[in-house]
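Analysis of the macromolecular model
Given next are the chains, with one letter for each unit.
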Amino acid sequence: MKAKAFTVLESLEAQAFSCTNAGSTLYGSLLAGLIDDYRSGGVTAELLEGVSAAPMHDAVPLRYLATAHRLALAGAAPTLARWYGSCGGAWNGHDISDDFLQVAQTHRSEFVAGLQRNVQTNEVGRAAVLASAFALIARRHHYALDLLEIGCSAGLLSRWDEYFYDTGSSALGDPASAVRFDHSWWRTPTPDLGGGVRVARRRGSDISPIDATSAEGQLTMLSFVWPDQAERVDRLRRALAIAARTPMDITQADAGTWLAQELGNGPTTGVATVVFHSIVWQYLPQSTRAMVRAALETAGELATAHSPLLWLRMEPDTPQRANVRLTTWPGGHEEVLAEVGYHGADIEWLQPY
Ligand SMILES: C[S@@+](CC[C@H](N)C(=O)[O-])C[C@H]1O[C@@H](n2cnc3c(N)ncnc32)[C@H](O)[C@@H]1O
């Protein structure tokens, strides 16, 4: 039997519920007003109806909110920006949907275009658990890391070594960095971040990459973060500033095709080749997943102690938590390194060191 497709109204209601419960009371309240507008056949209904056959799956409500946020960030919607912390404003808890709807009426063509844009985030908070894993890999294999990230978005996690991590008992990264992770990110016992990690090379790919070095790309990234999540907005802004001065190669490609090509000659001698991804697997078609696995297994057969290959991934485990798995070749041994919240907080490190 075919799964029931959710309606626009149901997706708005689900989004309101999830915003209210996942840290944006501003968006929760705003969506309540937008739902009323939708029910009465207002501009919300005119714009959202027909955008997608699967409005919930395609996160149409988030596209709607992000389009307005983008205008506010760009200075084109000051009546809305005054309520958004990300734009220097402050919200006093009242219903701001009239201001939002006014912006939607005035900027219809921007909304029509914005509603076609896929929701695209790059969660810098995930760097802390990945850094913990990179430290473990470097300690085990004694080589610099050759990093290949699939589904890398703007590449903010590939630049993880530009940030600073301090568990309270060990530290890693750039001590002068503007992006900092303190002990509160890890539960005890914390992982050992010591021993030093060198990055020999970083490359990434994404089916729809964002250029973090351009003003346009930065605006796109910021628009998808919820405006009252001050800490995330601030961390993203800092990471984008670092990305702007830390160039990296990001290829627009399907993960399977790209990896097959990059690993075609097997892992390089004298480095630890690390393929990694976070919250990407669920978005990959079956054929791409099969290609990723095949590329890894084929290259894994060529791996040696002097050319190790590692597959590191942070992917959903339960509805609340992700886990971090590592497969190591030669041998193909798989282990769970950590459990962690989807945005990278509350790391439970499971590996002895
Ligand atoms: C939820 S985002 C995660 C981004 C990033 N890894 C992070 O943790 O912040 C999922 C990413 O997967 C990318 N993606 C989806 N399908 C893909 C494919 N077939 N090949 C490569 N990337 C893909 C999307 O464009 C998006 O950037």
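Residues numbered from 1 in each chain as written. Predicted model: local features only at pLDDT ≥ 70, side-chain atom pairs only at ≥ 80, totals over all residues.

Some thoughts on the overall build of the protein chain
Convention followed: Runs of H or I in DSSP of at least four residues are treated as helices and runs of E of at least two as strands, each being numbered from the N terminus. Throughout, the radius of gyration refers to the C-alpha atoms, and the reference size of a globule is 2.2 Å times the residue count to the power 0.38. Exposed residues have 12 or fewer other C-beta atoms within 10 Å of their own C-beta, buried residues have 20 or more, and residues in between are partly exposed; the C-beta atoms are placed from the backbone. Two residues form a contact once the distance between their C-beta atoms, set from the backbone, is within 7 Å.
Helix and strand counts for the protein chain come out as 12 helices and 11 strands. Compactness check: the protein chain gives a C-alpha radius of gyration of 21 Å against a globular reference of 20 Å for 353 residues, within 12% of the reference. Counting only C-alpha atoms and orienting by the principal axes, one finds that the protein chain spans roughly 65 × 50 × 35 Å. Counting all 353 residues of the protein chain, 45% fall into the buried class. The long-range fraction of contacts in the protein chain, counting pairs at least 24 apart against all pairs at least 6 apart in sequence, stands at 70%.

Some thoughts on the environment of L47
Along the chain, the position of L47 falls in helix α3 (residues 43-48). On the basis of neighbour counts, which here come to 22 C-beta atoms within 10 Å, the residue L47 falls in the buried class. A sequence separation of 64 residues divides L47 from F111, and the C-alpha atoms of the two residues are 7.5 Å apart. With residues near it in sequence (within four places) discarded, L47 still touches Y64, A104, F111 and L115.

Here we look at unusual backbone geometry
Of note, the amide linkage connecting T188 to P189 takes the cis form, showing an omega dihedral of 0°. Position of P189 relative to the elements: it lies in the loop between β4 (180-181) and β5 (199-206). For the bond running from W329 to P330, omega is 10°, close enough to zero to count as cis. Examined against the element boundaries, P330 turns out to sit in the loop between β9 (321-329) and β10 (333-341). In this model, I279 sits at a positive phi of 45°, which is unusual for a non-glycine residue. Of note, I279 is situated in the loop between β7 (271-278) and α12 (286-302). Accessibility expressed as a C-beta count within 10 Å gives 19 for I279, which makes it partly exposed. In the Ramachandran plot, D346 falls in the positive-phi region, its phi being about 60° despite a non-glycine side chain. Note on placement: D346 falls in the loop between β10 and β11 (348-349).

Remarks on the sheet that holds β5
Put simply, the rule is: Two strands qualify as a pair provided DSSP detects at least 2 bridges between them. Helix axes are fitted only over the stretch in contact, all axes being lines through C-alpha atoms; the angle between N-to-C directions runs from 0 to 180 degrees.
Taken in spatial order, the eight strands line up as β6-β5-β1-β7-β8-β9-β10-β11 in an open sheet, and their pairing is mixed. Across the chains shown, the open sheet's two edge strands, defined by having one partner strand only, are β6 (249-252) and β11. As defined by bridge partners, β9 adjoins β10 across eight bridges and the pair is classed as antiparallel. Note that in β10 the partner of V324 across the bridge is A338. Relative to strand β1 (residues 144-150), helix α11 (residues 255-262) is tilted by about 150°, and along the sheet it contacts β1, β5, β6 and β7.

Some words on the domain arrangement of the protein chain
What counts is decided by this rule: Where each domain begins and ends is defined by an automated method or by a domain database.
Entries for the protein chain in the domain assignment read domain 1 (8-114) and domain 2 (124-349). The gap between the C-alpha centroids of domain 1 and domain 2 is 31 Å. At the interface, 16 residues of domain 1 touch 11 residues of domain 2. Of all the elements in the fold, those that place two or more residues in the side of domain 1 that touches domain 2 are α2 (25-39) and α4 (60-73). With four residues, the top contributor of residues to the side of domain 1 that touches domain 2 is α4.

Comments concerning the packing of helix α1 (residues 8-21) against α2
Rules: The scheme is simple: roughly parallel for angles under 35 degrees, roughly antiparallel for over 145, roughly perpendicular for 65 to 115, oblique for anything else. In a left-handed crossing the near helix is turned counterclockwise from the far helix by less than a right angle, and in a right-handed crossing that turn is clockwise.
One can describe the packing of α1 onto α2 by two numbers: an axis separation of 7 Å at closest approach and a directional angle of 160°. In terms of their interaxial angle, α1 and α2 are classed as roughly antiparallel. Here α1 runs over α2; the crossing is left-handed. Packed against α1, whose contacting residues are V8, L9, L12, E13, Q15, A16, C19 and T20, the element α2 presents T25, Y27, G28, L31, A32, L34, I35 and Y38 at the interface.

Details of the nonpolar core
What counts is decided by this rule: For this entry, the nonpolar core is defined as buried Ala, Val, Leu, Ile, Met, Phe, Trp, Tyr and Cys residues connected by C-beta atoms within 7 Å.
Counting 104 residues, the largest nonpolar core has L130, A131, A133 and F134 as its most contacted members. Residues from two domains meet in this core; each of domain 1 (8-114) and domain 2 (124-349) gives at least three. In this view, A131 contacts W160, Y165, L172, G173 and L193; residues no more than four positions away in its chain are not counted.

A word on the sheet that holds β4
Strands sit in the order β3-β2-β4 across an open sheet of three strands; the sheet is mixed. Only two strands of the sheet have a single neighbouring strand rather than two, namely β3 (171-173) and β4. Pairing of strand β2 (residues 164-166) with β4 involves two bridges; the strand directions are parallel. Bridged to Y165 within β4 is F181.

Some words on helix α6 (residues 97-106)
Since the α-helix turns once every 3.6 residues, residues separated by three or four places project in the same direction. Put simply, the rule is: In this context, the arc is that of the directions from the helix axis out to the C-beta atoms.
Taken together, the buried positions of α6 are S97, D99, F100, V103 and A104. The arc that holds every buried residue of α6, seen down its axis, measures 160°, which confines them to one face. Lining the buried residues of α6 we find α2, α3, α4, α5 (78-81) and α7 (108-114).

Topic: the environment of H306
Here H306 lies in the loop between α12 and β8 (309-316). Among the residues examined, H306 registers 13 C-beta atoms within 10 Å and is labelled partly exposed. When sequence neighbours within four positions are dropped, the list of residues in contact with H306 reads T269 and G270.

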